[in-house]
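# Examining the three-dimensional arrangement
The primary structure of each chain is shown beneath.
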Amino acid sequence: MMMVEPVRSLGAFTLLFLSRLGRMGMFLGRTLRGMGQPPGKLRPTLKQIHFIGTKSFFVIGFTASFTGMVLALQGYYTLSQFGSEGLLGSAVAMSLIRELGPVLTALMVTGRAGSAMCAEIGIIRIDEQIDALECMAIDPHSYLVAPRLLAGLVALPLLTAFCDVVGIFGGYVVGVELLGVNPGAYLQGIEISIVWDDVYMGIVKSFIFAFIMIWICTCKGFYAGLDEGSFGPEVVSRATTDAVVLSSVSILIGDYVVTSILL
Amino acid sequence: MNDPNVLEIKGLNSFYGDRQVLFDVRFAVPRRCVTVIMGPSGCGKSTLVRHLIGLYRARPRELFLEGRDMALFRREDMNSYRRRIGVLFQGGALFNSLTLKDNVAVPLRVHTRLAEETISVIVRIKLHQVGLSGFEDYMPSQLSGGMQKRAGLARSLVMDPEILFVDEPSSGLDPITAAGLDNLILELCRTLGVTVVVVTHELDSAFHIADQMVVLDGGRLLAAGTPEAIKNSGEDRVVQFLERRAEAGREDDEAYWRGLLGKGSFKTHGGGET
């Protein structure tokens, strides 16, 4: 008996893991199919772009400017030891465009919009609104999820670009205005060192992170309470926590994988 | 279409995981009649209705729509069935982010190519029908529970369904509004020939509107027939339910104490909450 129990738990865990993974895959498949189905996606997608994108401007700008500032501060003291302060612009821009811009933007948008999205869809689930949609012969994947995924794919790359620019400007303020780096050297360093491949990597990452984040957050909300068989408010809070944690971890893992492939 | 019964339930069993909640339930839903499904809380009424509207899949040869086995329905069959039905959920299930008029207009916007002016006229008619004229631009959160339920009814009627499913129409409503809702259901059935399936445990309302009654208890069919037949039923549990008598005393004191002490199973009537 003692031998059987661990094997049984391992088997149960594996089955559960595979079934959840399969469910997420089917959810994504239905969402992608739902993109081409009625109702029209333009209006709800624009509404979601406003929610995910426009409303995140402030928080992204704030995060980006301080990240750029601290990068400049740290970079300056490291580079000055070798007398290479002139490379500050290139160091700040390179870190932001290739790594920090896409990752920070995705993490901040997960916290601000992904969690809200998961909670909203979770409430729609526990309030029987998803059942109501199905009973009206309206595919909930097409109606609820597809516009959010489209909006994420539009908004996140744009927010990432905004984050990069604000971060570089933050670095400029600290590096040039406070620490006295030559402004021409700062800007020219960026121009010389940043090539298309760096920008390309940032764009690819932001698309992939948007995809991962919206997929996980909407999926967690969509199935809130179904496994527990209960539909109280606590299942929404649990789903939201799971969604934010899983999205953030997946974004960080995804970042490593994409970097290692594209480098 | 000449089939006198729209839906036939021929031995429906339903499970939540390992737990069985419906046991071999058999009855038919006659066309253009009001069928009321009654029973105490947790007896499987809502589960039964979820099977009837296709949210839960039945196993083969258990559930038939006009002679066709619903277990064999493909997505298109299910969608075409769902375009023929209207469902009012217990809480109304309105979309929180849309105004009342947009809520009611959703099925029209998705399934028809009607002009916005036409949609707006239809929506106004339906909202008037349920007594909500003038509330078109309100958000669901600005309305009382009863009003939300009536708006949900307007939405379920907007596609002029052949079959209307109503889950607990009077729960949470004041007696006057509840009676108004009952009359509306009757009117729909008598004048427009809509087949109505109502789930309720409100006895007065049930006897007022029912052409046929189905009584469930612990997931099993206790009785089915006309309201008179149910009234005259000699079955103990039916009489107990109709006379609103509380659960009879514990039959087995020893089992009760064992249950409290966590030794052995607790003896109860009925099934779990669905």
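Everything that follows concerns the structure shown earlier in this document.
Heads up: these notes are all about the structure in this document. A quick note: this is a predicted structure, and the numbers were derived from the prediction, not measured.

## Focus on the packing of helix α5 (residues 145-157) of chain B against helix α6 (residues 175-192) of chain B
Residue and element names in this part refer to chain B. Between α5 and α6, whose axes approach to 12 Å, the crossing angle comes to 10°. In this view, α5 runs roughly parallel relative to α6, as classed from their interaxial angle. Each of R150, L153 and L157 in α5 lies in contact with α6, whose residues at this interface are T177, L181, L184 and L188. Within the contact of α5 with α6, the residues separate by chemical class into 5 nonpolar, 1 polar and 1 charged.

## Overview of the nonpolar core
Residue and element names in this part refer to chain B. Counting 53 residues, the largest nonpolar core has L7, I37, Y81 and F165 as its most contacted members. Leaving out residues up to four positions away in the same chain, Y81 has contacts with L7, L52, I53, L65, M70, F73, I163 and F165. Formed by 45 residues, the second largest nonpolar core is a distinct cluster that contains L127, L173, V198 and A210.

## Looking at the packing of aromatic side chains
In the structure shown here, the tally under the stated rule is 14 aromatic pairs over all chains. Centroid distance Y16 of chain B to Y56 of chain B: 6.0 Å. Interplanar angle 90°. Geometry classified as edge-to-face. One end of the pair, Y16 of chain B, is in strand β1 (residues 5-16); the other, Y56 of chain B, is in the loop between α1 (45-52) and β4 (63-65), with 40 residues separating them in the sequence. A network of ring pairs unites the aromatic residues F27, F222 and Y223 of chain A as a single cluster.

## So, the pairing of strand β9 (residues 212-217) of chain B
Residues and elements named next belong to chain B. Of all 6 residues making up β9, 6 are buried, and the element is well covered by its neighbours. The two faces of β9 match: Q212, V214 and L216 on one face and M213, V215 and D217 on the other face are all buried. Where strand β3 (residues 34-38) meets β9, 4 bridges bridge the pair, whose relative direction is parallel. Residue T35 lies in a different strand from β9, and its bridge partner there is Q212. Note: β9 against strand β10 (residues 220-225), 5 bridges, orientation antiparallel. The partner of D217 across the bridge, within β10, is R220. Between β9 and β10, which pair antiparallel in sequence order, lie 2 residues; one of them, G218, sits at a positive phi of approximately 55°.

## Things to note about the interface of chain B and chain A
Residue-level contacts link 23 residues of chain B with 18 residues of chain A. Carbon and sulfur atoms supply 57% of the area that chain B and chain A bury against each other, a total of about 1,700 Å² over both sides. Looking only at chain B, the three residues that lose the most surface to chain A are R82, F95 and V110 of chain B, adding up to 28% of its buried area. Where chain B packs against chain A, one counts 2 salt bridges. Ionic pairing is found between D131 of chain A and R50 of chain B, a salt bridge with its closest N-O pair at 2.5 Å. Secondary-structure elements contributing two or more residues to the side of chain B that touches chain A are α2 (75-82), β6 (85-88) and α3 (100-111) of chain B. At 4 residues, α3 of chain B tops the list of elements feeding residues into the side of chain B that touches chain A. In terms of residue class, the side of chain B that touches chain A is made up of 12 nonpolar, 6 polar and 5 charged.

## Digging into the pattern of salt bridges
Counted by the stated rule, this structure contains 24 salt bridges over all chains. The partner of R50 of chain B in a salt bridge is E128 of chain A, with the nearest N and O atoms 3.4 Å apart. Here the residue R50 of chain B occupies a position in helix α1, and E128 of chain A occupies one in the loop between α4 (88-126) and α5 (129-135), the pair thus bridging two chains. On the accessibility criterion, R50 of chain B (16% relative accessible area) is buried. The residue D102 of chain B makes a salt bridge to R109 of chain B at a minimum N-O spacing of 3.1 Å. Note on D102 of chain B: relative accessible area 22%, which makes it partly exposed.

## Describing a nonpolar patch on the surface
All names here are of chain A. Together, W196, Y200, I203, F207, I208, V245, V249, I253, Y256, V257, I261 and L262 line one region of the surface with nonpolar side chains, adding up to about 1,200 Å² of accessible area. Of all the secondary structure elements, the ones that give two or more residues to the nonpolar patch are α8 (196-222) and α9 (233-262). Take the nonpolar patch: its biggest share by element is 7 residues, from α9. You can see Y200 is positioned in helix α8.

Conventions adopted
Each chain carries its own residue numbering, running from 1 in the direction its sequence is written. For naming, the first written chain is A and the first written ligand is 1, with later ones following in the order written. Owing to the predicted nature of the model, reporting of local features is limited to residues with pLDDT of at least 70; listing and counting of side-chain atom pairs is limited to 80 or more, with chain, interface and lining totals taken over all residues. Hydrogens and water are ignored here; the side-chain numbers use all heavy atoms of the structure. The axes used here are C-alpha line fits, helices contributing only the stretch in contact, and every angle between their N-to-C directions lies in the interval 0 to 180 degrees. Put simply, DSSP marks the helices as runs of H or I at least four residues long and the strands as runs of E at least two long, and each gets a number from the N terminus on. In what follows, roughly perpendicular refers to angles from 65 to 115 degrees, roughly parallel to angles under 35, roughly antiparallel to angles over 145, and oblique to any angle outside these ranges. Residue contacts are defined here by distance: any two heavy atoms, one from each residue, within 4.5 Å place the two residues in contact. Just so you know the grouping, Ala, Val, Leu, Ile, Met, Phe, Trp, Tyr, Cys and Pro go in nonpolar, Asp, Glu, Lys and Arg go in charged, and all remaining residues, Gly too, go in polar. Throughout this description, the term nonpolar core refers to a set of buried Ala, Val, Leu, Ile, Met, Phe, Trp, Tyr and Cys residues connected via side-chain atoms within 4.5 Å. Only protein chains enter the calculation, and the probe is 1.4 Å; a residue is then buried if its accessible area is under 20% of its type maximum, exposed if over 50%, and partly exposed in between. Only the six-membered ring of Trp is used, alongside the rings of Phe and Tyr, when aromatic pairs are assigned; centres must lie within 6.5 Å, and planes under 30 degrees apart are stacked while those over 60 apart are edge-to-face, with the rest tilted. Pairing between strands requires that DSSP locate at least two bridges from one strand to the other. When two parts are brought into contact, each loses some accessible area as probed by a 1.4 Å sphere; the total of that loss over both is the buried area. Salt bridge, as applied in this entry: a Lys or Arg side-chain nitrogen positioned within 4 Å of an Asp or Glu carboxyl oxygen. The residues that make up patches have over 30% relative accessible area and no salt bridge, and they are joined within 9 Å when like-charged or within 5 Å when they are Val, Leu, Ile, Met, Phe, Trp or Tyr. Method for areas: the Shrake-Rupley scheme with a 1.4 Å probe, in which residue coverage is limited to the protein chains shown.

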